[in-house]
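An overview of the molecular structure
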Amino acid sequence: MLLLLALGIGTLAGCGVWLLLRARTFDVVLGMTLLSYAVNLFIFAMGQVMVGAVPIVEAGRVATLSNTADPLPQALVLTAIVISFAMTAVLLAIALRTQAETGSDHVDGQEPR
Amino acid sequence: MAGAAALFNGHEVIAPIVLPLVAGACLILLEKARSRWVPWVSVAATLLQLMLAVLLVGQASAGEVQAYLLGNWQAPYGIALALDRLSALMLLLTTVVACGALVYALGGDAERGLHFHALFQFQLMGLAGAFLTADLFNLFVFFEVLLAASYGLLLHGATRQRLRASVHYVVFNLTGSALFLIAVSLLYALTGTLNMADLALKVPALPPQDLRLALAAGSMLLVVFAVKAALLPLYFWLPDTYAGASAPVAALFAIMTKVGVYAIARMTTLVFGPAWLGAAALVLPTLALATLVLAAIGVLAATQLRGLVAYLVVGSAGTLLLALGLGTPGTLAAGLFYLVNSTLVAAAWFLIADRIAAARGGVDRLDARPWAGGWVPLGVAFFIAAVAAAGMPPLAGFFGKALLLQAAGQTPIAVWVVALVLGSSLAMMVALARAGSTLFWKPAGGALPAGATGAASPPAAAHTLAIVALLSAVVATSVGAGPLSAYTAAAAQQLMARQGYIDAVLGARAVAPAYDVRREMRERGDTK
């Protein structure tokens, strides 16, 4: 299962970086989104990846990381999701405004001469 | 001073973060209701922030690191703020530059779009938080706050050039943030903690295969901070962005590169110092020297005054990272001294360049053009700023470079350091002299051409006040170079002796509550 998770993170990150290097602003926005998916999965995977464990201390079980899921990476992922959501919105707004002002959706603001 | 500290009851460490946050929120409300109050509230908040920064510098120069526990949770479990000499110095520098930039913006730039003052306050909040935090993920959050505010400020009064520059700036920084998250979570997986002081204890104690992974995470952090600090392969966003921003925003951005320098200083001296300097000791100084050389070439090749100033900023970043990378207490002290001076000079430069452009019909190309108004005061300001930027005596840039060259004499690459620092200073001096004589002394008669992009406008009182204030601060660092260099030397010593920071943060105990509800409930037998 860890192999599947690692392959997923790698694929998302690779696709995201490839799109990020494209010349159209929409591709760049999509690439940023995919890259942020990959990063969020990575942060989540940095806590011990267990099947069916909850980040809650239950009565009668010793509260170690082998019994419960680590709540801190989940909190980090939530923070990262919120921040990247806001930044994607800002990036989209900038891309749309640039396209309206310059008439081109090339990342340089003008078509290559 | 003691009375003022008692007024805050121990909360003076978090006040520089809370004050701009509350001020920014109030400004958003006031923009609709009482828009005439907005500039006054903004100026009042920034002046209060300046007084707070002076108070904190006074407290920090006593020598002890002061920790503040957020939510009263003890250090590795809760987020802590830490105030030491370096944090206090950076905070004071930020507020001085912010006061200058804000006063300049009141002369007309703040009305060109919406929400300038609120964004300005949020930017100050992000900067204060980044300098004060002692937790790595909290550093990421405050980086995002200051970057988000900077996107808004950069786009303020959106012109075509500004929008073009901002697409690159935003995408580049978002990618850097993604890398930051990867590095932070990797460090968490290896050590189980995000607190910087705790990392400082745990990272050197890792087994060898984990240590290699931790060094990889540290290198990723170095890349992220190098994006902010404009180090060699990652500085190409800076000239376009700074040339495209409006003048007060560019002046405030002069402190943003220093956030990257501060973060590198904190991480290398606290967490990665012993392990890193052994493995890759020469990488950072080599890249910094290359940055310096390329910045010198950029300064010589600049065709616009704003572009020239942007490359001066890159050059100063290269010098600072050289001082940090060499890693000895002497070079660190010289770097901190040079940091204060170069930030103030860069901020003053952007304002002066804007005024020069405005007096020549809105164009700042380095060619002969007729002047619309008095060029003597601007010429004097240009001269003072050029002397400060090139690092010539009697101003403090010379002391900073001299201290750096003196301290670098003991390091193995001393010959390269001396040669390249002096060579780049010569190049910058030549470029500045040529720019000055082209702008001020080349004869170009006649009225301004009709096709000038903007009407030549005389400087408003706010503009003059801001430039005079920042240049006075530059001269003050020269006059007060003795106390300032003593402070920065002590700050460097405090950074190298990391045990004081670790003990202060990890040893901070929760403050006893003024009113203990739980105890009262227990005594009354109300608990379940």
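Structure first, text after, so check above.
Quick summary incoming for the structure in this document. In this text the structure is predicted, and so the values were computed from the model without any measurement.

Looking only at helices and strands, chain A features three helices and zero strands. Listing every helix and strand of chain A by position from the N terminus yields α-α-α. Whereas a compact globule of 113 residues would reach a radius of gyration of roughly 13 Å, chain A reaches 19 Å, over 25% beyond that. Projected onto its principal axes, the C-alpha coordinates of chain A cover approximately 70 × 25 × 15 Å. When each of the 113 residues of chain A is scored for burial, the buried share is 37%. Taking contacts inside chain A between residues at least 6 apart in sequence as the whole, the part at least 24 apart equals 52%. Working note: accessible area of chain A is about 6,600 Å², and carbon and sulfur atoms make up 70% of it.

A separate point is the pattern of salt bridges. Per the counting criterion, the structure on display carries 11 salt bridges over all chains. The shortest N-O distance in the salt bridge between R22(A) and D27(A) comes to 3.6 Å. Since its relative accessible area comes to 39%, R22(A) is described here as partly exposed. D109(B) is the partner of R112(B) in a salt bridge, and the nearest nitrogen-oxygen pair spans 2.7 Å. Relative accessible area serves as the criterion here: at 59%, R112(B) is assigned to the exposed category. Salt bridges linked by common partners bring R24(A), D105(A) and E111(A) together as one network.

Here we come to the packing of helix α17 (residues 396-408) of chain B against helix α18 (residues 414-440) of chain B. Residues and elements named next belong to chain B. One can describe the packing of α17 onto α18 by two numbers: an axis separation of 9 Å at closest approach and a directional angle of 160°. By the angle class used here, α17 and α18 are roughly antiparallel. Of the two possible hands of crossing, α17 and α18 adopt the one that is left-handed. Residues K401, L405 and A408 of α17 touch α18, and the partners they reach there are A414, V417, V418, V421, L422 and S425. A per-class count over the contact of α17 with α18 returns seven nonpolar, one polar and one charged.

On to the interface of chain A and chain B, then. Between chain A and chain B, the residue contacts involve 28 residues of the former and 26 residues of the latter. In this structure, the connection of chain A to chain B is made through four residue pairs in polar contact (both at pLDDT 80 or more). Contributions of two or more residues to the side of chain A that touches chain B are made by α2 (25-45) and α3 (71-102) of chain A. It is α3(A) that contributes the most residues to the side of chain A that touches chain B, 14 residues altogether. When grouped by side-chain class, the residues that make up the side of chain A that touches chain B number 18 nonpolar, six polar and four charged.

Residue and element names in this part refer to chain B. Residues A80 and A82 line one face of strand β2 (residues 80-83) and the alternating positions L81 and L83 line the opposite face, and both faces are buried. Sheet analysis places strand β1 (residues 66-69) next to β2, joined by four bridges and oriented antiparallel. Considered in β2, the bridge of L69 is made with A80.

Glancing now at the packing of aromatic side chains. Residues and elements named next belong to chain B. Here the structure, examined in full by the defined rule, presents 17 aromatic pairs over all chains. Taken together, a centroid distance of 5.4 Å and an interplanar angle of 40° make the contact between Y169 and W237 tilted. A residue pair is termed long-range when its members are at least 10 positions apart, and Y169 in helix α7 (residues 160-191) and W237 in helix α10 (residues 237-244) qualify at 68 residues. The class of Y169 is buried, set by a relative accessible area of 1%. Ring centres 5.3 Å apart and planes at 70° place the aromatic pair F382 and F440 in the edge-to-face group. With F382 in helix α16 (residues 376-390) and F440 in helix α18, this residue pair connects regions lying 58 residues apart in the sequence. An aromatic cluster of three or more residues is present, and its members are Y151, Y169, W237, Y242, F253 and F350. Above the ring of W37, the side-chain terminus of R34 is found at 5.6 Å from the ring centroid.

Cut-off values and rules
- Residues numbered from 1 in each chain as written.
- Chains lettered and ligands numbered in written order.
- Predicted model: local features only at pLDDT ≥ 70, side-chain atom pairs only at ≥ 80, totals over all residues.
- Heavy atoms only, no water.
- Helix = DSSP H or I, 4+ residues; strand = E, 2+ residues; numbered from the N terminus.
- Rg over C-alpha atoms; globule rule 2.2 N^0.38 Å.
- Buried < 20%, exposed > 50% of the residue type's maximum accessible area, 1.4 Å probe, protein only.
- Contact = heavy atoms within 4.5 Å.
- Areas by Shrake-Rupley, 256 points an atom, 1.4 Å probe, with all protein chains shown as cover.
- Salt bridge = Lys/Arg side-chain N within 4 Å of Asp/Glu carboxyl O.
- Axes fitted to C-alpha atoms, helices over the stretch in contact; angles between N-to-C directions.
- Parallel < 35°, antiparallel > 145°, perpendicular 65-115°, else oblique.
- Left-handed = near helix turned anticlockwise from the far one by under 90°.
- Nonpolar A, V, L, I, M, F, W, Y, C, P; charged D, E, K, R; others polar.
- Polar contact = N/O pair within 3.5 Å; in protein donor to acceptor, adjacent residues only side chain to side chain.
- Pairing = 2+ DSSP bridges.
- Phe/Tyr/Trp six-rings, centres within 6.5 Å; stacked < 30°, edge-to-face > 60°.
- Lys NZ or Arg CZ within 6 Å of the ring centre and 35° of its normal.

Just geometry here; none of it tells us what the structure is for.
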